[in-house]
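Here's the letter readout for the chains.
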Amino acid sequence: MAITDWPQRERPRERLLAGGPQALSDAELLAIYLRVGVRGKSAVDLARDLLHRHDGKLGRLVSASIKELACVPGIGIAKAAQLQASFELARRALNEEMEERDNFTSPGAVRDWLRLKLAHSQQEMFMALWLDAQNRLLHSEVLFTGTLTQTSVYPREVVKQALARNAAAVILAHNHPSGVAEPSAADEMLTRTLREALTLVDVRLLDHFIVAGNARPLSFAERGLL
């Protein structure tokens, strides 16, 4: 049955107007965006199929590629592109909110911010969050990029950027596109090398995070590796 054949009070758009978006399920919110379904399926049914293809997890849906979205019958390239555009706008809005926070002393806040930045990249990236003496964000930047399996990180360049940003502290992070957040022996050795190099210029290494897809980013400090 098409949504237009539903009782008006049960239609997602009307429910949203009456009770706000928080009153709707994930599928109903997606249905409003999709607008129409396909033969034999309402927009809500189509939204449920889309979520089901991604284990019912919005996080996995948001990280899906256009090709993965478009393969769901009834979605197609145009709707997949629209969905990705809306997901990216949401990420950018959350990114602005995170960057406006007073400090980055909370590991939870840092994890949220880094997941926005790195969780969906299929290329390995190494980045730095330069902080002032009050742990307020001065600047964030990707310092090095590599292949899916490794990246080359040069301590001299990290130190140069620390001095250029006039940073008092730094949080480092890199992603594992494999989806496994465990640190390798090379990761641990690199962290020790960078900590020693930064100490020479009086810049504190507060933490090093590994971001791996939808997994909880791993903190070297919490793991006792700093």
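Everything that follows concerns the structure shown earlier in this document.
For every chain, the first residue of the written sequence is number 1, and numbering continues from 1 onward in sequence order. The predicted origin of the model limits local features to residues at a pLDDT of at least 70 and limits the giving and counting of side-chain atom pairs to 80 or more, whereas totals for whole chains, interfaces and linings rest on all residues. Side-chain measures were taken over the full set of non-hydrogen atoms in the model, leaving aside hydrogen atoms and water.

So, about the overall build of the protein chain. Counting its regular elements, the protein chain contains 10 helices and 5 strands. Each residue is placed in one exposure class: buried if its accessible area under a 1.4 Å probe, protein chains only, is under 20% of its type's maximum, exposed if it is over 50%, and partly exposed if it falls in between. For the protein chain, buried positions account for 39% of its 226 residues. In this tally, Lys and Arg are treated as positive and Asp and Glu as negative; His is ignored, and so are the chain termini. By convention, the charge on Lys lies at NZ, on Arg at CZ, on Asp at CG and on Glu at CD. Once the 28 positive and 27 negative side-chain charges of the protein chain are each reduced to a mean point, those two points are 5 Å apart. Numbered from the N terminus, helices here are DSSP runs of H or I no shorter than four residues, and strands are runs of E no shorter than two.

Side-chain rings of Phe, Tyr and Trp, where Trp is taken by its six-membered ring, are said to pair if the distance between their centres is within 6.5 Å; with planes under 30 degrees apart they count as stacked, over 60 as edge-to-face, and otherwise as tilted. Following the criterion strictly, the structure yields 2 aromatic pairs and no others. On the basis of an interplanar angle of 55 degrees and a centroid distance of 6.2 Å, the ring pair of Phe-126 and Phe-144 is categorised as tilted. Placement of Phe-126 in strand β1 (residues 125–131) and of Phe-144 in strand β2 (residues 137–145) is noted, with a sequence separation of 18 residues between them. The class for Phe-126 is buried, based on a relative accessible area of 1%. Between Phe-144 and Tyr-154 the ring centres are 5.8 Å apart and the planes differ by 70 degrees, which places this aromatic pair in the edge-to-face class. Here Phe-144 is found in strand β2, whereas its partner Tyr-154 is found in the loop between β2 and α8 (155–164), with 10 residues between them in sequence. Note on Phe-144: relative accessible area 11%, which makes it buried. One aromatic cluster is present, built from ring pairs that chain together Phe-126, Phe-144 and Tyr-154.

The next subject is the packing of helix α1 (residues 12–19) against helix α2 (residues 26–34). Note on geometry: axes are C-alpha line fits, over the in-contact stretch for helices, and angles between N-to-C directions span 0 to 180 degrees. Across the interface, α1 lies against α2 with an axial gap of 9 Å and an inter-helix angle of 110 degrees. Between α1 and α2, the crossing angle belongs to the class labelled roughly perpendicular. The hand of the α1/α2 crossing is left-handed. The segment α1 lies against α2, with Pro-12, Arg-13, Arg-15 and Leu-16 engaging Glu-28, Leu-29 and Ile-32. When grouped by side-chain class, the residues that make up the contact of α1 with α2 number 4 nonpolar, no polar and 3 charged. Orientation labels follow simple angle bins: below 35 degrees gives roughly parallel, above 145 gives roughly antiparallel, 65 to 115 gives roughly perpendicular, and whatever is left gives oblique. Helix crossings fall into two classes, left-handed where the near helix is turned counterclockwise from the far one by less than a right angle and right-handed where it is turned clockwise. In this analysis, two residues are considered to be in contact whenever any of their non-hydrogen atoms come within 4.5 Å of each other. Residue type decides the class: Asp, Glu, Lys and Arg count as charged, Ala, Val, Leu, Ile, Met, Phe, Trp, Tyr, Cys and Pro as nonpolar, and the leftover types, Gly among them, as polar.

Let's shift gears to the packing of α8 against helix α9 (residues 185–199). For the pair α8 and α9, the least separation of the axes is 10 Å and the interaxial angle reads 40 degrees. On the basis of the axis angle, α8 is oblique to α9. Our pair here, α8 against α9, has a crossing hand that is right-handed. For the pair α8 and α9, the contacting residues are Pro-155, Val-158, Val-159 and Ala-162 in the first and Thr-193, Leu-194, Ala-197 and Leu-198 in the second. For the contact of α8 with α9, the per-class residue count stands at 7 nonpolar, 1 polar and no charged.

At least two DSSP bridges between two strands are needed for those strands to be called paired. Spatially, β2-β1-β3-β4-β5 is the arrangement adopted by the 5 strands of the open sheet, whose pairing is mixed. Each edge of the sheet is formed by a strand with only one pairing partner; in this case those strands are β2 and β5 (218–219). Relative to β2, α8 is tilted by about 160 degrees, and along the sheet it contacts β1 and β2.

Our focus in this paragraph is the pairing of strand β3 (residues 169–175). In terms of burial, β3 is a largely internal element, 7 of the 7 residues being buried. Covered by surrounding structure in β3 are Ala-169, Ile-171, Ala-173 and Asn-175 together with Val-170, Leu-172 and His-174, the residues of both alternating faces. Relative to β3, β1 runs antiparallel, the two sharing 6 bridges. Directly across from Phe-126, in β3, lies its bridge partner His-174. Across 7 bridges, β3 lies against strand β4 (residues 204–211) in parallel orientation. For Ala-173, the partnering residue across the bridge sits in β4 and is Phe-209.

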